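The chain contents come next:
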Amino acid sequence: MKTKEKQMQTKEIKNFKMNDEVYSLRRKVINMIYEVKNHIEDLPRVEVRIGEARCENVLGLAMRGKRQLWITKKAIDMSEDALRNIVYHELVHAIFGFRHDDKCPLMQPTLKTILNKEDCLKNLLKYKNYNGGKND
Ligand SMILES: [Zn+2]
């Protein structure tokens, strides 16, 4: 697809220009992706952008199955556990291609339940094992 060449962009989130501060924000997100990589060796590489939401309640966003995700500074400024829930949620969209699930504490459409690290990972790994069960 030709669109791959284009800069990674989304309507909902305005990308920050990369500078030292933004790199360190992005580092926090990438560190959480590495936590997952410790459990899923063949986790594909994911592109991460940091920005601010154009609509206030957006904390993160992913292109389903496209291995691209956005996390807002607002999300990064939340607690470590909250940020992890947001990052893992977007990873499930971005890598495994799943949609929302009201019954799943990780994949609820809005951040209602904040799971601890262990439960967060447990819920993410659930999707890895749904081989071929993508709900689209
Ligand atoms: Zn979502």
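See the structure shown above.
Residues numbered from 1 in each chain as written. Predicted model: local features only at pLDDT ≥ 70, side-chain atom pairs only at ≥ 80, totals over all residues.

Undergrad: Can you explain the overall build of the protein chain? Please cite residues and give values.
TA: When its secondary structure is counted, the protein chain shows four helices and four strands. The order of α-helices and β-strands along the protein chain, N terminus first, is β-α-β-β-β-α-α-α. Since a compact globule built from 136 residues should have a radius of gyration of about 14 Å, the 14 Å found for the protein chain is in line with a globular shape. Once the C-alpha set of the protein chain is aligned to its principal axes, its extents read approximately 35 × 35 × 30 Å. Expressed as a percentage of its 136 residues, the buried residues of the protein chain come to 28%. Of the contacts formed within the protein chain by residues at least 6 apart in sequence, a portion of 58% connects residues at least 24 apart. (Helix = DSSP H or I, 4+ residues; strand = E, 2+ residues; numbered from the N terminus. Rg over C-alpha atoms; globule rule 2.2 N^0.38 Å. Buried ≥ 20, exposed ≤ 12 C-beta atoms within 10 Å, placed from the backbone. Contact = placed C-beta atoms within 7 Å.)

Undergrad: A description of the environment of Val22 should follow, citing residues and the corresponding values.
TA: With respect to the secondary-structure elements, Val22 resides in helix α1 (residues 20-37). Placed 106 residues apart in sequence, Val22 and Lys128 show a C-alpha to C-alpha distance of 30 Å. Not counting residues within four places of it along the chain, the set of residues in contact with Val22 comprises Phe16 and Ile50.

Undergrad: How would you summarise the pairing of strand β4 (residues 68-72) if you had to cite specific residues and measurements?
TA: Burial analysis of β4 places four of its five residues in the buried class, the great majority of the element. Bridge analysis of strand β2 (residues 47-53) against β4 gives five bridges, and the strand direction is parallel. Residue pairing for β4: Val48 is matched across the bridge by Leu69. As paired strands, strand β3 (residues 60-63) and β4 are joined by four bridges and run antiparallel to one another. Looking at β4, one finds that Leu61 is bridged to Trp70. Linking β3 to β4, which pair antiparallel, is a turn of four residues; within it Gly65 sits at a positive phi near 75 degrees. (Pairing = 2+ DSSP bridges.)

Undergrad: Lay out the nonpolar core with the relevant residues and their values.
TA: Of all hydrophobic cores here, the largest spans 29 residues; its most connected members are Leu69, Ile71, Val87, Tyr88, Leu91, Val92 and Leu124. Among the secondary structure elements, those contributing two or more residues to this core are α1, β2, β3, β4, α2 (73-76), α3 (80-96) and α4 (117-128). The element contributing the most residues to this core is α3, with eight residues. In contact with Ile71, not counting residues within four places along its chain, are Val29, Val48, Ile50, Gly60, Ile76, Ile86, Val87 and Glu90. (Core = buried A, V, L, I, M, F, W, Y, C linked by C-beta atoms within 7 Å.)

Undergrad: Can you break down α3 residue by residue, with the values?
TA: Under the 1.5 Å per step criterion, the end-to-end length of α3 is 23 Å for 17 residues, consistent within 8% with the ideal 24 Å. Within α3, 13 of the 17 residues are buried, leaving the element largely enclosed by the surrounding structure. Of the residues one or two after α3, Gly97 is the one with positive phi, at around 80 degrees. (Expected span 1.5 Å × (residues − 1).)

Undergrad: Break down unusual backbone geometry for me, citing the residues and quoting the values.
TA: For Arg67, which is not glycine, the phi torsion reads 60 degrees and is therefore positive. Its place among the elements puts Arg67 in the loop between β3 and β4.

Undergrad: Report on the sheet that holds strand β1 (residues 13-15), specifying residues and quantitative values.
TA: An order of β1-β2-β4-β3 is seen for the four strands of this open sheet, with the pairing classed as mixed. Across the chains shown, the open sheet's two edge strands, defined by having one partner strand only, are β1 and β3. Ignoring strand direction, the axes of neighbouring strands in this sheet form an average angle of 35 degrees. Against the sheet, α1 touches β2 and β4, its axis set at about 120 degrees to β2. (Axes fitted to C-alpha atoms, helices over the stretch in contact; angles between N-to-C directions.)

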